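Structural overview for review
Letter by letter, the chains look like this.
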Amino acid sequence: MTNVLFVCVGNQGRSVMAERFFRAAAGESHEGRSAGAAPGNAVHPEVVAVLSELGIDASDHVPRKLDDGLMSWADVVVAACDDACPVVPGKRNDNWHLPDPMGRPIAEVRAIRDDIKRRVDALLDELATVTA
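The following paragraphs examine the structure supplied in this document. If you're wondering where the values come from, they're calculated on a predicted model, not measured in any experiment. (Residues numbered from 1 in each chain as written. Predicted model: local features only at pLDDT ≥ 70, side-chain atom pairs only at ≥ 80, totals over all residues. Heavy atoms only, no water.)

**Topic: the packing of aromatic side chains**
- Taken as a whole and assessed by the stated rule, the structure comprises two aromatic pairs.
- Their ring planes at 55° and their centres at 6.0 Å tell us that F6 and W96 sit as a pair that is tilted. Placement of the pair is F6 in strand β1 (residues 3-8) and W96 in the loop between β4 (92-95) and α4 (106-131), with a sequence separation of 90 residues. Summarising the burial analysis for this pair, F6 and W96 share the class buried.
- Against the face of W73 rests R33, its NZ or CZ located 4.1 Å from the ring centre.
- Residue placement shows K117 over the ring face of F21; its charged tip is 5.9 Å from the ring centre. (Phe/Tyr/Trp six-rings, centres within 6.5 Å; stacked < 30°, edge-to-face > 60°. Helix = DSSP H or I, 4+ residues; strand = E, 2+ residues; numbered from the N terminus. Buried < 20%, exposed > 50% of the residue type's maximum accessible area, 1.4 Å probe, protein only. Lys NZ or Arg CZ within 6 Å of the ring centre and 35° of its normal.)

**Quick look at the side chain of N3**
- Relative to the assigned elements, N3 resides in strand β1.
- Exposure remark for N3: the relative accessible area of 14% places this residue in the buried category.
- Among all residues touching N3, those that are not within four sequence positions of it are E31, W73, A74, D75 and V76. (Contact = heavy atoms within 4.5 Å.)

**Points about the nonpolar core**
- Counting residues in hydrophobic clusters, the biggest one holds 28 residues, and the most contacted among them are V4, F6, F22, W96, I116, V120 and L123.
- At the level of secondary structure, the elements contributing two or more residues to this core comprise β1, α1 (14-26), α2 (45-52), β3 (76-79) and α4.
- Per-element tally for this core: the top contributor is α4, with seven residues.
- Excluding residues that lie within four positions of it along the chain, V4 makes contacts with F22, E31, G32, R33, W73, V76, V78, L123 and L127.
- Listed in part, the ten residues of the second largest apolar core include L5, A35, L66 and A74. (Core = buried A, V, L, I, M, F, W, Y, C linked by side-chain atoms within 4.5 Å.)

**Topic: the environment of M102**
- Relative to the assigned elements, M102 resides in the loop between β4 and α4.
- Relative accessible area serves as the criterion here: at 52%, M102 is assigned to the exposed category.
- With 58 residues separating them in the primary sequence, M102 and H44 have C-alpha atoms 6.4 Å apart.
- Ignoring any residue separated from it by four or fewer positions in sequence, one finds M102 in contact with H44 and E46.

This is the structure:
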């Protein structure tokens, strides 16, 4: 089992989508969590909307602060944001450089969502070959 931590600034958009896709697809094989360097108050409504279009409920997500406990828990840290995301020494660090969905038109948020889903699926495929 691999522990994957998805990080962005507010833990309100990109990291939430990545975590929800990862958890839905990974099942019991891997564990996924998300956090933010400066978490906001709630997930962006446009993120809840585009995830619900695919049958994923993120309305219960509470943004979480990135802390030492989460960083030590993680085997892989995926920065879903731009260069503002932290790099965790001693861990596998991936940076997806995704645009922030906050305030974007719904069509753009869908495109970000679909990109995240492709990246999560590719990460899971890669983890399956590493842990096989």
